[in-house]
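Inside the fold
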Amino acid sequence: MRIMVDIGHPAHVHFYKNFIREMEKKGHEILVTARDKDVAVHLLKAYGIKHTVIGKIRPGKLNLIREWIGRDLSIYAIARKFRPDILTGIGNPCAAHVARLIGAKSIIFNDSECGGLGNSITHPFANVICTPACFNKELGKKQVRYNGYHELAYLHPNYFKPDPTVLEELGLNENDKLIIMRFVAWGANHDVGQHGFNMQYKKRLVEELNKYGRVIITSETPLPQEFEQYKMTVSPEKILDLMYYATLLIGDTQTMTTEAAVLGTPAIRYNSFVGPNDMSNFIELENKYGLIYSVCDPDQAISKAVELLQMTDLKPIWKERKDRLIQNKIDVTQFMMNYFEAAAGNSFRGSAGS
């Protein structure tokens, strides 16, 4: 089978990396294209995944539309030569469009009900849309639900083994309190019109939480000079190891919030998505498993962080909650492999797993 994978975000590299390795071991041919966003290309190089860079993220809705058109044309040209059986991506309009144009199948993954424009120009062209079981929108006959989250494609214990040497690089040990702050750029298609922590609150976060442990900041946008001492210095491919050992994650991030939850690290998320129409995975992680807190008030985010950092049994409690989640969910990479092979054999809708 010939599969074309289009990467649009650093988290997509993690999502597909085990799938790519395992499918290549089984003799399938994989071609990877990638958007130059944040550290996506760095991660592909770090994991030894051959790829072709197509497109670069630029701020603004108009630039996003221009980029999509350019990526459609470039991916179409590559796909005509490669002749894939299946194109795949996460919320990826280019994969869906090009598959339709060349007569291939498209399998699109989506965990965001808030996709807006992106979903509207992707879903009508996709053959199959794979969503977590908790996804709160019905997408019709194209939808296949699986009992997991995107993050369980790479953070399931079958694949992820934390490396403690990342702490040595920072002069820390497993008993030290480590607070990771993550700030995003709000430049993706689903981020238009949304916001997270402003600079005033970022400064307050550092001032308040620095009293309780070592603060490390990872940011998609340049940090002011006063934050340079807190800037993350470990390689991007080690951030998941660092997050595993962290005491707390706080930020306006979406993906890293779920990653922290799956790793058993308490997470506090503040941004304008939080509310009655929030993504279903965040609602489930908070209400069913008690692993995260999503708040719509930045002051509440700070006070909750202080409350958690003052707990003496924080990590053991979260480990129990994380273990329950893992027991309830599936190995998402295994689901992907099974489903794609079923698709190649024309049994296209397959089983979503349990």
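Our structure is the block above this text.
The sections below set out a description of the structure shown in this document. (Residues numbered from 1 in each chain as written. Predicted model: local features only at pLDDT ≥ 70, side-chain atom pairs only at ≥ 80, totals over all residues. Heavy atoms only, no water.)

1. A closer look at the packing of helix α1 (residues 10–25) against helix α13 (residues 332–344)
Contact geometry of α1 with α13 gives a least axis separation of 9 Å together with a crossing angle of 55°. Considering the angle they form, α1 stands oblique to α13. Considering only the axes of α1 and α13, their crossing is right-handed. Where α1 abuts α13, its residues Phe15, Tyr16, Asn18, Phe19, Glu22 and Met23 lie against Val332, Thr333, Met336, Met337, Phe340 and Glu341. (Axes fitted to C-alpha atoms, helices over the stretch in contact; angles between N-to-C directions. Helix = DSSP H or I, 4+ residues; strand = E, 2+ residues; numbered from the N terminus. Parallel < 35°, antiparallel > 145°, perpendicular 65-115°, else oblique. Left-handed = near helix turned anticlockwise from the far one by under 90°. Contact = heavy atoms within 4.5 Å.)

2. Quick notes on the sheet that holds strand β4 (residues 86–90)
What the 7 strands build is an open sheet, ordered β3-β2-β1-β4-β5-β6-β7; its pairing is parallel. This sheet does not close on itself; its edge strands, each paired only once, are β3 (52–56) and β7 (143–146). For this sheet the average axis-to-axis angle between neighbouring strands, irrespective of direction, equals 20°. Two strands pair when backbone bridges link them, and strand β5 (residues 105–109) and strand β6 (residues 128–132) are joined in this way by 3 bridges, in the parallel orientation. By the bridge assignment, Ile107 is partnered in β6 with Val128. Its contacts with the sheet put α13 on β1 (2–7), β4, β5, β6 and β7, and the angle it makes with β5 is roughly 160°. (Pairing = 2+ DSSP bridges.)

3. Let's talk about a nonpolar patch on the surface
A contiguous nonpolar patch, built from Ile65, Ile69, Leu73 and Leu117 and spanning about 350 Å² of accessible area, is present on the exposed surface. Looking at the nonpolar patch, the element that brings in the most residues is helix α3 (residues 61–82), giving 3 residues. Position of Leu73 among the secondary structure elements: in helix α3. The class of Leu73 is exposed, set by a relative accessible area of 58%. (Patch = residues over 30% accessible without salt bridge, like charges linked within 9 Å, V, L, I, M, F, W, Y side chains within 5 Å. Areas by Shrake-Rupley, 256 points an atom, 1.4 Å probe, with all protein chains shown as cover. Salt bridge = Lys/Arg side-chain N within 4 Å of Asp/Glu carboxyl O. Buried < 20%, exposed > 50% of the residue type's maximum accessible area, 1.4 Å probe, protein only.)

4. Structural notes on the pairing of strand β9 (residues 214–219)
Side-chain positions along a regular strand alternate between the two faces of the sheet. By the criterion of burial, β9 is predominantly enclosed, with 5 of the 6 residues buried. Of the pairings in the sheet, the one linking strand β8 (residues 178–183) to β9 comprises 6 bridges and is parallel in character. Each residue of the ladder has a partner; that of Arg182, found in β9, is Thr218.

5. Looking at the sheet that holds β9
Backbone hydrogen bonds hold the strands of a sheet together, and the pairing may be parallel or antiparallel. Taken together, 5 strands build an open sheet; the order of strands is β9-β8-β10-β11-β12 and the sheet is parallel. Looking at which strands have only one partner, the edges of the open sheet turn out to be β9 and β12 (292–295). Neighbouring strand axes in the sheet, compared pairwise and without regard to direction, differ in orientation by 15° on average. Note that β8 and strand β10 (residues 248–251) share 4 bridges and pair parallel. Across the sheet, Met181 pairs through a bridge with Ile250, a residue of β10.

6. Looking at the pattern of salt bridges
Counted according to the given criterion, the structure contains 15 salt bridges. In this structure, Lys25 and Glu22 form a salt bridge, with 3.3 Å as the shortest nitrogen-oxygen distance. Here Lys25 and its partner Glu22 are both found in helix α1, 3 residues apart, which amounts to about one turn of the helix. What makes Lys25 exposed here is its relative accessible area of 65%. Note that Lys329 is salt-bridged to Glu284, the shortest N-O span being 2.9 Å. Here Lys329 is found in the loop between α12 (314–328) and α13, whereas its partner Glu284 is found in helix α10 (residues 280–287), with 45 residues between them in sequence. Glu284 shares its class with Lys329; the two are buried. Members of the salt-bridge network, linked through shared partners, are Lys319, Lys322 and Asp323.

7. Let's talk about the side chain of Thr122
Locating Thr122 in the fold gives a position in the loop between α5 (117–120) and β6. With sequence-adjacent residues up to four places away left out, Thr122 is seen in contact with Gly91, Asn92, Pro93, Ala96 and Ile108.

8. Brief notes about helix α7 (residues 199–209)
When we look at burial in α7, the residues that qualify are Tyr201, Lys202, Leu205, Val206 and Leu209. Looking straight down α7, one finds its buried side chains confined to an arc of 145°; they lie on one side. Looking at α7, the residues exposed on the side facing more than 90 degrees away from the buried face are Gln200 and Glu207. Where α7 is buried, its residues meet β8, β9, β10 and α11 (298–309). (Arc of directions from axis to C-beta.)

9. Side note on unusual backbone geometry
Notably, Arg83 is not glycine yet its phi reads approximately 55°, a positive angle. Take Arg83: its relative accessible area is 57%, and that puts it in the exposed class.

10. Describing the packing of aromatic side chains
Here a ring pair, both rings aromatic, is described through the centre-centre distance and the interplanar angle of the planes. Tallied over the entire structure, the rule returns 13 aromatic pairs. Ring geometry for Tyr146 and Phe335: centres 5.1 Å apart, planes at 25°, overall stacked. With Tyr146 in strand β7 and Phe335 in helix α13, the pair connects residues that are 189 residues apart, well separated along the chain. Given a relative accessible area of 0%, Tyr146 falls into the buried group. Ring centres of Phe183 and Phe197 lie 6.2 Å apart, and the angle between their planes is 80°; on these two criteria the pair is classed as edge-to-face. With Phe183 in strand β8 and Phe197 in the loop between β8 and α7, this pair connects stretches of sequence that are 14 residues apart. Accessibility assignment for this pair places Phe183 and Phe197 in one class, buried. An aromatic cluster is built from Phe15, Tyr16, Phe19, Phe109 and Phe340, whose rings are joined through pairwise contacts. The ring of Phe82 has Arg2 sitting right over it, with the charged end atom 4.5 Å from the ring centre. In this arrangement the basic side chain of Lys304 is found over the ring face of Tyr293, its NZ or CZ atom lying 4.4 Å from the centre. (Phe/Tyr/Trp six-rings, centres within 6.5 Å; stacked < 30°, edge-to-face > 60°. Lys NZ or Arg CZ within 6 Å of the ring centre and 35° of its normal.)

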